[in-house]
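# A look at the structure
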Amino acid sequence: MSDKPNRVTLPEQDCGDALSPADWARLADGCRRRDHASFERLVRLTEDRLRRIIGRVVGARIADLDELLQETYLRAWRCASRFRGDSHLVTWLTRIGVNVAINAARDRRATVPISPHEHARPGPTHLNEDAAERAYREALTRLPDELRVTFVLHEAEGLTYRQIAETLDCPIGTVMSRLHRARERLMNELKEQIAEFMP
């Protein structure tokens, strides 16, 4: 038997330090007690991951993610004492961040129209990769919130169906259905968009 303590690494959650379950429990307890040092550690462990997820949920519509991250952590701080531990601390925080991102995306959707004439026509012999990337990002932003978030968490962040279900507080079957619908919509829209970029 090894003398090394049992460590749980959360590569799929990309939380930096490999913490033991006991370390995570102490961190969660400190956050519940609104201990500043514990909360600051949680921020350090999760900031890069949350920035990436929130950025993907809101797409290119919001350049400054700092405000959304600040709102996420502020909401988490305010309700930390109510964290029951039913899910992993990172899952709970991600759920808050996803909700903040969805609200921001909804607020911005009405004021930032996406023009179908925004793309330049490519040269006659190849697909314009920049235009294709823009088309993908725009198609992703046009997905309904629940489809976009599920797609981003699975395809971009690599979360399993179970982890997504915990994060979004929905059944695994719902996650699977949303992923299927998101992929189908993206493929249909991108087929039309890519036809525009080809000669």
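Here, every reference points to the structure presented above.
### So, the overall build of the protein chain
When helices and strands are tallied, the protein chain shows eight helices and zero strands. When the helices and strands of the protein chain are read in sequence order from the N terminus, they spell out α-α-α-α-α-α-α-α. Counting contacts in the protein chain only where the partners sit at least 6 residues apart, residues at least 24 apart contribute 65% of the total. Surface exposure of the protein chain reaches about 11,300 Å², of which carbon and sulfur atoms provide 51%.

### Here's the deal with the packing of helix H2 (residues 36-58) against helix H6 (residues 145-156)
Look at H2 against H6: their axes get within 9 Å of each other, and the N-to-C directions meet at 135°. In terms of axis orientation, H2 runs oblique to H6. Both H2 and H6 take part in a crossing whose hand is right-handed. Along the contact surface, H2 presents Ile53, Arg56 and Val57, while H6 presents Arg148, Val149, Val152, Leu153 and Ala156. Within the contact of H2 with H6, the residues separate by chemical class into six nonpolar, no polar and two charged.

### Focus: the packing of aromatic side chains
Within a pair of aromatic rings, the relevant descriptors are the distance that separates the centres and the angle that separates the planes. This model, assessed by the stated rule, comprises three aromatic pairs. Ring centres of Phe39 and Tyr73 lie 6.3 Å apart, and the angle between their planes is 85°; this geometry places the pair in the edge-to-face category. Taken as a pair, Phe39 in helix H2 and Tyr73 in helix H3 (residues 66-79) lie far apart in primary sequence, 34 residues in all. On the accessibility criterion, Tyr73 (9% relative accessible area) is buried. In this structure an aromatic cluster arises from ring pairing among Phe39, Tyr73 and Trp77.

### Side note on the nonpolar core
By size, the foremost hydrophobic cluster in this structure holds 53 residues, and its most contacted members are Phe39, Leu89 and Trp92. Counting residues per element, the ones that place at least two in this core are helix H1 (21-32), H2, H3, helix H4 (89-109), helix H5 (129-142), H6, helix H7 (161-168) and helix H8 (172-197). Among the elements that take part in this core, H4 stands out by supplying eleven residues, more than any other. In this structure Leu89 touches Trp24, Leu27, Ala28, Cys31, Leu42 and Phe83, once residues within four positions along its chain are discounted.

Reading the values: rules and limits
Here the residue numbering is sequential within each chain, running from 1 through the sequence in written order. Only residues with pLDDT of 70 or above have their local features reported here, since the model is predicted, and side-chain atom pairs are shown and tallied only from 80 upward, although totals for entire chains, interfaces and linings are computed over all residues. Side-chain calculation: all heavy atoms of the structure are included, whereas hydrogens and water are not. Strands here mean DSSP runs of E at least two residues long; helices mean DSSP runs of H or I at least four residues long; both are numbered from the N terminus. Contacts between residues were defined by any pair of non-hydrogen atoms, one from each residue, lying within 4.5 Å. All accessible areas in this document rest on Shrake-Rupley with a 1.4 Å probe, and a residue is counted as covered only by the protein chains that are shown. Between N-to-C directions, angles cover 0 to 180 degrees, with each direction set by a line fitted to C-alpha atoms, over the stretch in contact for helices. Small angles under 35 degrees read as roughly parallel and large ones over 145 as roughly antiparallel, with 65 to 115 read as roughly perpendicular and the rest as oblique. In a left-handed crossing the near helix is turned counterclockwise from the far helix by less than a right angle, and in a right-handed crossing that turn is clockwise. Any residue that is not Ala, Val, Leu, Ile, Met, Phe, Trp, Tyr, Cys, Pro, Asp, Glu, Lys or Arg is counted as polar, Gly included; the first ten are nonpolar and the last four charged. Each Phe, Tyr or Trp ring (for Trp, its six-membered ring) is paired with any other whose centre lies within 6.5 Å, and the angle between the two planes then decides the class: stacked below 30 degrees, edge-to-face above 60, tilted in between. Burial classification: accessible surface area is computed with a 1.4 Å probe over protein chains only, and a residue below 20% of its type maximum counts as buried, one above 50% as exposed, and the rest as partly exposed. Side-chain atoms within 4.5 Å are what join buried Ala, Val, Leu, Ile, Met, Phe, Trp, Tyr and Cys residues into a set we call a nonpolar core.

Any link to function would need more than the numbers given here.
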